Amino acid sequence: MIRKAVLPVAGLGTRCLPASKAIPKEMITIVDKPVIQYVVEEAVAAGIKEIVLVTHSSKGAIEDHFDKHFELETTLEAKGKQELLEELRNIIPDDVKIISVRQPEALGLGHAVSCARPVIGDDEPFAVLLPDVLVDGHGLAQNDLAGMMKAYEDSGQSQIMVENVPEEMTHKYGIVALKGDTPEAGHSAPMASVVEKPAAGEAPSTLAVIGRYLLPGSIFALLEKTQPGAGGEIQLTDAIDTLIAREGVQAFRMQGETYDCGHQLGYLEAILVFAKRHPKFGEGFQNLMQRYAVEE
Ligand code: G1P
């Protein structure tokens, strides 16, 4: 069973400026929760019990968000604001631990993941969730990360979440080549290779890596030997490409929807989707939508 997840949150979020100047981009709000909370909830729903944040000195607000805030809780209790108090106390369940390690220099995603090596160790499989991407499992019996966990248990092979993107977008992603046909959504298929941000016209397919990975502890030794690749950075994709040759890796085709919160329109779309079905604000938000849809 995979119980640990690595969330690389050290990035400075230049694509989200000016919003991310003084707060971490992961703390920008989608309706009433910061984006990082949705990602942690997704991991917890799939059975993760230890979240390893790979973070940076400027991003302490993320750790604070998952920590107990004694003063605030005492104040809410004294004022009888029980509902709000419960909500704060349940940001993460009691049996889930948040651990943080630092990435001292921005040397790439592969380097960020390798910073978690002392916590994860080389003998245990683990998950990686990139917090820029919101994966929405609304309406599914289990979320896609849980589906990947099941595929990992059944096959014993690493799982990389993928979905089709328009051809003109392939240069922004890790792109996967499969050994055979593309699996149906919710299923996995063996990968032949993966390439980080291929140049226009050179992508082997339109299947993009979406930012959810289940990897073996042996990836750390491969990352240690991985040379800087696309953008001069140590790429997780390059270590996974080596892993494919060593022990096989599968691509898991996701069922849910994704929202790329690494840029403003992605945030806005996520806000629309999550606000429309929010138990407290959904109705009011739909009224607002109607009102503004007809106004110039
Ligand atoms: C990272 C990964 C890339 C993946 C993408 C998903 O790139 O390196 O393989 O497709 O996340 O969002 P980034 O968006 O951090 O440049």
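What you are looking at is a predicted structure, and each value in this text was computed from that prediction instead of being measured.

Caption draft 1: How the structure looks around the environment of Val128. Position of Val128 among the secondary structure elements: in strand S6 (residues 126-129). Residue Val128 is classed as buried on the basis of its relative accessible area, which comes to 0%. The sequence separation of Val128 and Leu214 amounts to 86 residues, and the corresponding C-alpha distance is 6.4 Å. In this view, Val128 contacts Val6, Pro8, Val113, Gly211, Arg212, Tyr213 and Leu215; residues no more than four positions away in its chain are not counted.

Caption draft 2: Local environment of the layout of surface pockets. Taken as a whole, the largest pocket encloses approximately 1400 Å³ of empty space. As for the largest pocket, its lining consists of 50 residues, and the residues nearest its centre are Arg15, Lys25, Leu130, Asp132 and Lys197. Those elements giving two or more residues to the lining of the largest pocket turn out to be helix H5 (109-114), strand S8 (158-164), strand S11 (207-215), helix H9 (236-247), strand S13 (257-260) and helix H10 (264-276). The element best represented in the lining of the largest pocket is S11, accounting for four residues.

Caption draft 3: Examining the packing of aromatic side chains more closely. By the definition in use, this model includes three aromatic pairs. Ring geometry for Phe126 and Phe220: centres 5.1 Å apart, planes at 0°, overall stacked. Highlighted residues: Phe126 in strand S6 and Phe220 in helix H8 (residues 219-225), separated in sequence by 94 residues. Take Phe126 and Phe220: they sit in the same class, and that class is buried. A centroid spacing of 6.2 Å and a plane angle of 75° characterise the contact between Tyr259 and Phe274, whose relative ring orientation is edge-to-face. On the criterion of sequence distance, the pair formed by Tyr259 in strand S13 and Phe274 in helix H10 is long-range, its members being 15 residues apart. Residues Tyr259 and Phe274 agree in their burial class; the two are buried. Connected via pairs of aromatic rings, a cluster forms that spans Tyr38, Tyr259 and Phe274. Between Lys33 and the ring centre of Tyr38, over which it is positioned, the NZ or CZ distance is 4.6 Å.

Caption draft 4: Inspection of helix H1 (residues 35-45) at higher detail. Burial analysis of H1 places eight of its 11 residues in the buried class, the great majority of the element. Listed in full, the buried residues belonging to H1 are Val35, Ile36, Gln37, Tyr38, Val39, Val40, Glu42 and Ala43.

Here is what the cut-offs are and how they apply
- Residues numbered from 1 in each chain as written.
- Predicted model: local features only at pLDDT ≥ 70, side-chain atom pairs only at ≥ 80, totals over all residues.
- Heavy atoms only, no water.
- Helix = DSSP H or I, 4+ residues; strand = E, 2+ residues; numbered from the N terminus.
- Buried < 20%, exposed > 50% of the residue type's maximum accessible area, 1.4 Å probe, protein only.
- Contact = heavy atoms within 4.5 Å.
- 1 Å grid on protein atoms, 1.4 Å probe; cavity = no way out; pocket = protein on both sides within 12 Å on 5 of 7 lines; lining within 4 Å.
- Points joined across faces, edges and corners; volume = space filled by probe spheres on them.
- Phe/Tyr/Trp six-rings, centres within 6.5 Å; stacked < 30°, edge-to-face > 60°.
- Lys NZ or Arg CZ within 6 Å of the ring centre and 35° of its normal.

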